[in-house]
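# Descriptive structure summary
Take a look at the letters that make up each chain.
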Amino acid sequence: MIQPTQDQAYTKIHNTRVVLDLIREKRPLSRVEIARLTGMSSATITRIVSDLIRTGVVCETTPFSTKVGRKAILLDIVSDAALCFAVDIAPSLLRAGIVDYKGEVLCQREYAIVCREHTPQQYAKLVHKSLLELCAALPGEKEVVCAGATVIGIVDHAAGMVRFAPQLGWKEVPIAALLEEALSLPVAIHNDVDAQILGEAQSLGLDKKSVAYLSVGKGVGSSMLLDGRVVEGDSDICGEIGHTIIELQGLQCSCGRRGCLQTFIGENSVLQRARMKDPAIKSMRQLVACYHEGTPWARELIEQTATYLAVAINNLGCMHNPQTIILGGELIRSYPFLFELAQQHLGDLLYEPLRGNLQLLCTKSRGMSGILGIAQLSQERYVDQLIEDNIF
Ligand SMILES: [Zn+2]
């Protein structure tokens, strides 16, 4: 048998991924539709599809009659082909779930674990415990084949390293290797906001061509999807919009400098500003109650926060020119009226050329975007390997 050249092998793998991504995004699809959408020949599509069916990631669905009376066989993803154990690693909460290849969360749990109270090795063992609990809760005979973790901080996903995560107390931690050892599964790790954008886009039914995401909670971060890929930057720092400086003499930020965007819209800074007016304010809930009661300083502070949210949206629009910006994160999820307020302020602030060209959407992911997103990334890696092993 003549062995394919390196170029032929690369083209074959690339085309197989294109077809699989298309079926995953627009399922179910017929072979004819795939040929039309990709521009590949019918013969190529027939060969690729039979490879994907043989690999076990794609299946034919029951034929149905089209308008002209012909039976069309459609292609779909096999739900159980790549079950993923996905976790969000956050300072005081471990969120875990098992996600199938169609992006359905089959089961999930949350654990009140303070990351700083454990070494990374101990933490990996706690993650393993949650894997066992979730597997026990899985219906039927299903096998988890890959895992993924989101981490708040600077993550080198190719090396599997958390470079710097001050909120977790981690610096240069090889968390992917530690988790792989504890879980006996291949593990993908990514920055939380980079993974969340995929889950947010999935929850809103958006395609992944040109989407930006602004996450606002205790921290502030952003990410950008371009042609289905997360934009990473040279050293995975892309999207740290929370630390763009917008007021030189502003409040001190957690990064040590002054006047970062985070000090205007991050939850801790908003509360800090509230306590300058009323030292009795302990929580966002209290502040929002004062706002709704009409307390003048609370109304002013919330309006100011919404104005800076609009500033951040405008700046993201100017930097990336995305088709859509999704506003999400813990603060927006808990208080969606902030989205409405920001939208109102954006009316005055948005850069003229972006008007009419920028769609602004509020999160719909109910806090599951990290789990959904990291599952997609981990499954993609697992299935890529499966394709390489099975097709060559
Ligand atoms: Zn900062």
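Labelled according to an unreviewed UniProt entry, the protein appears under the name NBD/HSP70 family sugar kinase, originating from Harryflintia acetispora. Comment text from UniProt for the protein, heading Function (unreviewed entry), reads "Transcriptional repressor of xylose-utilizing enzymes." Under the heading Sequence similarities (unreviewed entry), UniProt records this for the protein: "Belongs to the ROK (NagC/XylR) family."

## Some words on the overall build of the protein
Counting secondary structure elements, the protein contains 13 helices and 18 strands. Computed over C-alpha atoms, the radius of gyration of the protein comes to 23 Å, within 12% of the 21 Å expected from 2.2 N^0.38 for 392 residues, which places it in the range of a compact globule. By principal-axis analysis of the C-alpha atoms, the protein measures approximately 75 × 50 × 40 Å. The proportion of buried residues among the 392 residues of the protein is 40%.

## Side note on the packing of helix α9 (residues 284–293) against helix α10 (residues 296–320)
Orientation of α9 relative to α10, taken along the N-to-C sense of each, is 110°, at an axis distance of 7 Å. Classified by the angle their axes make, α9 and α10 are roughly perpendicular. Facing α9, whose interface residues are L287, C290 and Y291, α10 presents A298, R299 and I302. Here the contact of α9 with α10 is composed, by residue class, of five nonpolar, no polar and one charged.

## Regarding the sheet that holds strand β8 (residues 105–111)
For sheets, the rule is that strands pair by backbone hydrogen bonds, running either parallel or antiparallel. Across the sheet, which stays open at both edges, the five strands sit in the order β8-β7-β6-β9-β13 with mixed pairing between neighbours. Only two strands of the sheet have a single partner each, and these edge strands are β8 and β13 (187–191). Neighbour to neighbour, the strand axes of the sheet diverge by 15° on average, direction disregarded. Sheet topology places strand β6 (residues 83–89) next to strand β7 (residues 94–99); six bridges connect them, and they run antiparallel. Within the sheet, the bridge partner assigned to F85 lies in β7 and is I98. Across the sheet, helix α13 (residues 369–391) lies against β6, β7, β8, β9 (144–151) and β13, angled at about 130° from β9, the strand it touches most.

## Some words on unusual backbone geometry
Looking along the chain, the bond that leaves R27 and enters P28 is cis, with omega of -10°. Tracing the backbone through its elements, the reader meets P28 in the loop between α1 (6–26) and β1 (29–30). Positioned with a positive phi, S184 is a non-glycine residue whose angle comes to about 55°. Among the secondary structure elements, S184 is positioned in the loop between α5 (175–183) and β13. Of note, D227 is a non-glycine position whose phi angle comes to about 50°, a positive value.

## Remarks on the pairing of β7
Burial analysis of β7 places five of its six residues in the buried class, the great majority of the element. Adjacent in sequence and paired antiparallel, β6 and β7 are bridged by four residues. Sheet analysis places β7 next to β8, joined by six bridges and oriented antiparallel. Among the inter-strand pairings, R95 is bridged to a residue of β8, identified as E110. Joining the antiparallel neighbours β7 and β8 is a turn of five residues, in which G103 adopts a positive phi near 85°.

## Considerations on the sheet that holds strand β10 (residues 154–156)
With respect to topology, three strands assemble into an open sheet ordered β10-β11-β12, the strand pairing being antiparallel. Either end of the sheet is taken by a strand with one partner, and the two such strands are β10 and β12 (170–173). Recorded for the sheet is a direction-independent mean angle of 20° between the axes of neighbouring strands.

## Quick notes on the domain arrangement of the protein
Assigned domains of the protein: these are domain 1 (6–77), domain 2 (80–196 + 369–391) and domain 3 (205–362). When each unit is reduced to the centre of its C-alpha atoms, the spacing between domain 1 and domain 3 is 41 Å.

## Thoughts on the nonpolar core
Ranked by size, the top nonpolar core spans 109 residues in total, and within it C84, L179, L309 and I313 carry the most contacts. Among all residues touching L179, those that are not within four sequence positions of it are A124, V127, A147, A149 and V187.

## Focus: the packing of α1 against α13
Direction vectors running N to C along α1 and α13 enclose 130°, while the axes themselves pass 11 Å from each other. Of the possible angle classes, the one that applies to α1 and α13 is oblique. Note that α1 runs across α13; the crossing there is right-handed. Of the residues in α13, those touching α1 at K12, I13, T16 and R17 are D384, I387, E388 and I391. Grouping the constituent residues of the contact of α1 with α13 by class yields three nonpolar, one polar and four charged.

Reading the values: rules and limits
- Residues numbered from 1 in each chain as written.
- Predicted model: local features only at pLDDT ≥ 70, side-chain atom pairs only at ≥ 80, totals over all residues.
- UniProt positions renumbered as here; feature names shortened; annotations may be inferred.
- Helix = DSSP H or I, 4+ residues; strand = E, 2+ residues; numbered from the N terminus.
- Rg over C-alpha atoms; globule rule 2.2 N^0.38 Å.
- Buried ≥ 20, exposed ≤ 12 C-beta atoms within 10 Å, placed from the backbone.
- Axes fitted to C-alpha atoms, helices over the stretch in contact; angles between N-to-C directions.
- Parallel < 35°, antiparallel > 145°, perpendicular 65-115°, else oblique.
- Contact = placed C-beta atoms within 7 Å.
- Nonpolar A, V, L, I, M, F, W, Y, C, P; charged D, E, K, R; others polar.
- Pairing = 2+ DSSP bridges.
- Domains from an automatic or database assignment.
- Core = buried A, V, L, I, M, F, W, Y, C linked by C-beta atoms within 7 Å.
- Left-handed = near helix turned anticlockwise from the far one by under 90°.

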